[in-house]
Amino acid sequence: MEKDKKEKLKIGIYELTGCAGDALLILDCEKELLDIFNAADIHSFLMAKSDNIDGELDIAFVEGSVSTEKEKKELLDLRKRAKVVVAIGICACFGGIQAAFQSQEEWRKNFKAVYGDVKMTHTKPVQSKPIDSYIKVDYYLPGCPIGKEQFLSTFNRILRGNPPELYRFPVCVECKWNENDCLLNKGIPCLGPITSAGCSSVCINHNLPCVGCWGPLEGANLSSEFQLLRDYGFDHDFIKKKMANFSGTGMADFLGKIEGDKK
Amino acid sequence: MKKISVEHLARVEGSGGITATIDGKVVTDVKFTINEGPRLVERLTVGKTPEEDVNLVPRICAICTLSHKYAAIRAMENALSVKVPTKVHLFRELMHLGEMIESHSLHVYYLALPDYVGFPNAIAMASQFDLEVKIALEMKEFGNHIMKTASGRYIHGENPVIGGFGKFPTKEELLWIKSRAIQFMPFVLKTVNLFCELDYPDCPEDNTVYACCNPPKNKYGFTGDEIILSTGATINKEDYKSLTNEFVVSHSYAKRSRYQGKPYSVGALARVNNLGERLKGKAGKMYSKYFGPRWKRNPLFNNAAQALEILYTFERIPRLLDELLKYPEDPPLVKYSAKKGKGTGIVEAPRGLLIHSYEVAEGLVSHTDIITPTAQNAEDIERYCYIAAQRLLENRKEDKIRDRMDLVVRAFDPCISCSAHLAEVKKAPQDDWKEKLEEVKKKGSPIYVGVGKRTRSDDGLGIELALKLRNRGISDVWLEHEIAQRGGPWKNKHHRPLVFLDAVDFREEPGKIVLLPLHYVFSNTNLSHKLLPFISGEMHYERLKNSYVLGIQPESVQEGKKMSKPVRLSMAKVLVQIVN
């Protein structure tokens with residue numbers, strides 16, 4: 001009971017550009033939601049409450065990628081106010097699907113193709129990027145959307161001042177736990193070996209290949225996966241694009257490295 | 001900006017707002033803004049395989065995720081000539097009904113109801129509506145459960161794919177859904193009574209066009225291959241552009257749509273208006289009991305329509321499951337070999353008509369067009385908010401404008417990633433029209449049209465002004481009768497703004513000058529305007545969007561009287577502003 005006497009940590013949950021699926025998933029933790037709200041002081045959570053405060057924070061959870069000047073400014077301000085920043089979801093961690101355009105020029109061309117020459121009066125658009133393009137991020141919680149169990153455990157650990165313990169293995173490990181047949185063995189382009197675990201290998205459980213929506217696993221053997229798919233006869237560009245579908249600019253570094261394999 | 005209480009707006013995602021600008025007794029501007037950044041989804045899908053597209057596009061919106069998936073799959077299967085077996089169709093319908101339950105129950109109980117029973121949010125409402133709040137949450141969870149069963153996850157499940165499903169649920173899982181649906185029925189009927197008997201305010205009310213999917217075989221439902229309008233017209237899905245006519249506005253990253261130059265509405269109310277006669281069983285009885293002429297004119301009835309649809313859905317699920325259970329064999333994915341094609345898929349997302357259209361060439365997506373319900377509703381959201389704000393202002397209830405606009409926006413159940421945390425009322429500074437006129441001039445050199453009758457005192461100001469402008473050497477100035485003889489001077493000059501000069505009765509001090517978008521004058525029955533029937537028939541939506549009325553409040557429009565002094569002074573001001 002002593003803990004109750006201690007001051008509760010101040011927490012904020014913020015949404016930048018994305019589908020709001022991560023914030024929605026937190027709200028979907030219906031049974032645990034009250035405990036979350038009791039365990040900490042939720043200072044800001046626009047999707048769930050109105051009396052939001054913009055002050056000092058202990059922990060900020062940020063969803064979505066930076067896609068406008070306004071978001072960039074808000075994020076920089078948030079970093080100053082928060083002791084710990086946690087990127088939640090693939091858009092915040094890697095840029096998400098909207099970070100598909102690698103170069104500024106390519107992005108501009110595509111922006112023009114959609115919006116024409118209309119000058120936006122409300123906020124200036126910028127090429128979508130993960131939040132660590134602008135600020136230091138303390139922890140990353142991948143997912144599209146994030147997983148409930150992983151969010152709750154991460155929330156708990158950070159609340160107690162411990163770093164989160166995420167799965168440091170690919171989807172394949174969960175897939176074996178679930179006793180699925182390997183789709184790669186059947187020549188189906190599955191991204192399980194290079195993708196962070198945590199989804200409980202849901203797609204392969206449904207006989208469908210992993211699409212990589214949780215983003216690349218740190219230290220995964222990307223070249224090996226690439227070669228394997230090449231051996232199965234898949235086209236270089238096809239593989240490259242497939243790997244970058246969900247992680248956009250987050251994949252860019254690696255994609256640069258394998259450019260040499262083109263022949 | 002002032003913030004409204006959003007606790008009950010859980011599930012309004014993204015950030016946006018609605019702002020009304022007031023100048024004296026006139027609302028001069030209403031803007032529904034969406035601050036969400038640009039994601040360029042239609043462009044980033046180009047070059048991807050059809051399967052990858054189906055993985056990517058549901059990420060547009062976490063709430064309508066399965067509607068996006070469904071629309072994309074239907075479009076791709078059309079484009080690639082994939083025919084799926086009956087069981088796949090039935091299971092897709094089930095997944096779609098799950099999303100309908102999840103979204104509608106959340107919206108009516110948690111978003112809308114607190115406003116009508118006088119509570120700031122759903123949690124506060126629980127003190128009086130304990131049972132409703134609890135069971136509504138269970139109903140939403142039931143919707144989520146169906147979505148998870150069908151798609152693999154609560155959000156962004158990948159199980160539905162082109163050609164079928166990766167995996168079908170077991171018979172036991174389906175039977176559980178069936179029995180659970182039946183258990184909810186007493187609460188569902190209570191829900192319909194509650195929302196159809198709410199006292200919806202009669203402001204704003206006005207006619208609009210409603211659009212939705214036309215389900216085949218004269219049935220109610222949420223998919224189809226053509227669009228049906230409240231005018232009785234139908235549009236083949238491949239010709240959807242004749243409905244939507246998308247364009248960009250500078251205050252939002254979501255595109256806008258107009259049908260024949262006019263805003264239209266999509267959503268539950270559109271469906272009940274267009275298809276309600278087709279409802280059978282208990283939903284049919286409830287429709288006959290509650291449906292009335294106000295449903296055709298008042299967007300607030302969307303909540304009543306959503307409640308009727310919850311009933312339809314719960315009646316449909318047990319029958320649908322009986323049909324599904326007739327097919328014990330799980331069909332494998334339908335393989336296809338087509339590498340090119342063109343196809344459109346339309347479904348009803350909970351908040352309205354959702355259109356996906358693709359072209360595939362050499363096995364890759366070469367063109368994507370996605371039109372979301374909120375983008376289609378945006379123009380009508382602005383129009384109804386304008387009507388509400390103007391009416392309340394006339395009735396000296398200015399303090400109610402903000403809350404009423406909030407109510408209107410919320411009734412449309414908007415969804416920003418695909419909306420409104422904030423409603424704001426702004427006071428225009430004096431001489432607001434000057435700033436506005438300068439903004440108009442920036443868009444291109446305006447074409448001026450003088451309107452009125454010179455013999456009727458102040459009504460002659462439009463013609464007088466136009467003649468003076470001519471004398472000062474301003475080009476492209478027209479008089480009313482010249483247009484009647486020769487047609488509109490705006491042909492082939494769409495990029496140039498069109499400004500009508502006229503006496504407009506704002507019930508203000510004589511001489512008051514206001515610059516209004518022309519379409520506000522259409523929506524406002526109090527502002528008299530002779531040219532209107534002619535103009536509305538003649539103008540293209542792009543033209544209309546770039547047209548304005550520069551009005552001066554007359555003192556008198558009596559035949560034979562001279563022009564009044566305040567109007568003369570104002571005319572001089574206008575003249576200076578235009579010429580400079």
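Scoring rules and cut-offs
Residues numbered from 1 in each chain as written. Chains lettered and ligands numbered in written order. Predicted model: local features only at pLDDT ≥ 70, side-chain atom pairs only at ≥ 80, totals over all residues. Helix = DSSP H or I, 4+ residues; strand = E, 2+ residues; numbered from the N terminus. Contact = placed C-beta atoms within 7 Å. Core = buried A, V, L, I, M, F, W, Y, C linked by C-beta atoms within 7 Å. Buried ≥ 20, exposed ≤ 12 C-beta atoms within 10 Å, placed from the backbone. Domains from an automatic or database assignment. Pairing = 2+ DSSP bridges. Axes fitted to C-alpha atoms, helices over the stretch in contact; angles between N-to-C directions. Parallel < 35°, antiparallel > 145°, perpendicular 65-115°, else oblique. Left-handed = near helix turned anticlockwise from the far one by under 90°. Nonpolar A, V, L, I, M, F, W, Y, C, P; charged D, E, K, R; others polar.

Draft legend 1. Seen up close, the overall build of chain A. Secondary structure summary: chain A contains 12 helices and 7 strands in total. The long-range share in chain A, meaning contacts at least 24 apart out of those at least 6 apart in sequence, stands at 75%.

Draft legend 2. Inspection of the nonpolar core at higher detail. Residues A:Val62, B:Ala211, B:Leu308, B:Leu311, B:Cys385 and B:Ala389 are the most contacted members of the largest nonpolar core, which totals 237 residues. For this core, the element with the most residues is helix 4 (residues 86-117) of chain B, which contributes 14 residues.

Draft legend 3. Here's a closer look at the domain arrangement of chain B. As assigned here, chain B comprises domain 1 (7-34 + 46-380) and domain 2 (429-579). Look at where the C-alpha atoms of domain 1 of chain B and domain 2 of chain B centre, and you get two points 42 Å apart.

Draft legend 4. Spotlight on the domain arrangement of chain A. Residue and element names in this part refer to chain A. Looking at the assigned domains, one finds that chain A contains domain 1 (2-159) and domain 2 (171-262). Taken together, the contact pairs 16 residues of domain 1 with 14 residues of domain 2. It is helix 5 (residues 89-94) that contributes the most residues to the side of domain 1 that touches domain 2, 3 residues altogether.

Draft legend 5. How the structure looks around the sheet that holds strand 2 (residues 41-45) of chain A. All names here are of chain A. Strands sit in the order 2-1-3-5-7 across an open sheet of 5 strands; the sheet is parallel. Of all the strands in the sheet, just strand 2 and strand 7 (139-141) have a single pairing partner and so form its edges. Sheet twist, expressed as the mean angle between neighbouring strand axes with direction ignored, is 20°. As paired elements, strand 1 (residues 10-15) and strand 3 (residues 57-63) share 5 bridges and run parallel to each other. Among the inter-strand pairings, Glu 15 is bridged to a residue of strand 3, identified as Glu 63. Most of the contacts of helix 4 (residues 69-81) go to strand 5 (residues 82-88), to which it runs at about 130°, and overall it touches strand 1, strand 3 and strand 5.

Draft legend 6. Unusual backbone geometry, seen in detail. Residue A:Pro145 is reached from A:Cys144 by a cis peptide bond, and omega for that bond is -5°. When you line up the elements, A:Pro145 lands in the loop between strand 7 and helix 7 (148-159). A cis amide bond links B:Cys203 with the next residue in sequence, B:Pro204, at an omega value of 5°. Assignment of secondary structure puts B:Pro204 in the loop between helix 8 (185-196) and strand 5 (209-214). Look at B:Asp413: it is not a glycine, yet its phi comes out positive at around 55°. Looking at the secondary structure, you find B:Asp413 in the loop between helix 14 (401-411) and strand 12 (422-427). What makes B:Asp413 buried here is the crowd of 30 C-beta atoms within 10 Å.

Draft legend 7. Broad picture of the sheet that holds strand 8 (residues 264-265) of chain B. Residues and elements named next belong to chain B. With respect to topology, 4 strands assemble into an open sheet ordered 7-6-5-8, the strand pairing being mixed. The open sheet is flanked by strand 7 (234-236) and strand 8, the only strands paired with a single partner. Of the pairings in the sheet, the one linking strand 5 to strand 6 (residues 226-229) comprises 4 bridges and is antiparallel in character. Looking at strand 6, one finds that Cys 213 is bridged to Ile 227.

Draft legend 8. A look at the pairing of strand 6 (residues 125-129) of chain A. Residue and element names in this part refer to chain A. In terms of burial, strand 6 is a largely internal element, 5 of the 5 residues being buried. Direction of pairing for strand 4 (residues 66-68) relative to strand 6: antiparallel, over a ladder of 2 bridges. Among the inter-strand pairings, Val 66 is bridged to a residue of strand 6, identified as Lys 129.

Draft legend 9. A look at helix 14 of chain B. Of all 11 residues making up helix 14 of chain B, 10 are buried, and the element is well covered by its neighbours. Here helix 14 of chain B has its buried residues at B:Ile401, B:Arg402, B:Arg404, B:Met405, B:Asp406, B:Leu407, B:Val408, B:Val409, B:Arg410 and B:Ala411.

Draft legend 10. How the structure looks around the packing of helix 4 of chain B against helix 12 (residues 302-325) of chain B. Residues and elements named next belong to chain B. The interhelical angle for the contact between helix 4 and helix 12, taken along N-to-C directions, is 150°, at an axis separation of 9 Å. Judged by the angle between their axes, helix 4 and helix 12 are roughly antiparallel. Judged by the sense of rotation from one axis to the other, the crossing of helix 4 with helix 12 is left-handed.

Draft legend 11. Looking closely at the pairing of strand 10 (residues 352-361) of chain B. Residue and element names in this part refer to chain B. In terms of burial, strand 10 is largely enclosed, as 8 of its 10 residues are buried. Here strand 9 (residues 341-349) pairs with strand 10 via 9 bridges, running antiparallel. Following the sheet pairing, Thr 344 is matched in strand 10 by Ser 357. Note: strand 10 against strand 11 (residues 364-371), 7 bridges, orientation antiparallel. Bridged to Ser 357 within strand 11 is Asp 369. In sequence, strand 10 turns back onto strand 11 through a hairpin of 2 residues, with Glu 362 there showing a positive phi of about 50°.

Draft legend 12. Expanded view of the environment of B:Val57. All names here are of chain B. Note on placement: Val 57 falls in the loop between helix 2 (50-56) and helix 3 (65-79). The class for Val 57 is buried, based on 26 C-beta atoms found within 10 Å. Once the C-alpha coordinates of Val 57 and Leu 174 are considered, the two residues, 117 residues apart in sequence, prove to be 28 Å apart. In this view, Val 57 contacts Val 41, Thr 45, His 68, Ala 72 and Ile 370; residues no more than four positions away in its chain are not counted.

Draft legend 13. Examining the packing of helix 10 (residues 268-275) of chain B against helix 12 of chain B more closely. All names here are of chain B. With their axes 7 Å apart at the nearest point, helix 10 and helix 12 run at an angle of 70° to one another. Considering their axes alone, helix 10 and helix 12 lie roughly perpendicular with respect to each other. From helix 10, Ala 268, Leu 269, Arg 271 and Val 272 reach across to helix 12, where they touch Asn 302, Ala 305, Gln 306, Leu 308 and Glu 309. Here the residues of the contact of helix 10 with helix 12 sort into 5 nonpolar, 2 polar and 2 charged.

Draft legend 14. Region of the structure containing the environment of B:Phe142. Residue and element names in this part refer to chain B. Tracing the sequence through the fold places Phe 142 in helix 6 (residues 130-151). In this structure Phe 142 comes out as buried when scored by C-beta crowding, with 21 C-beta atoms within 10 Å. When the C-alpha atoms of Phe 142 and Ala 181 are compared, they prove to be 8.3 Å apart, with 39 residues separating the residues in sequence. Contacts of Phe 142, omitting those with residues within four sequence positions, involve Ile 101, Arg 180 and Phe 184.

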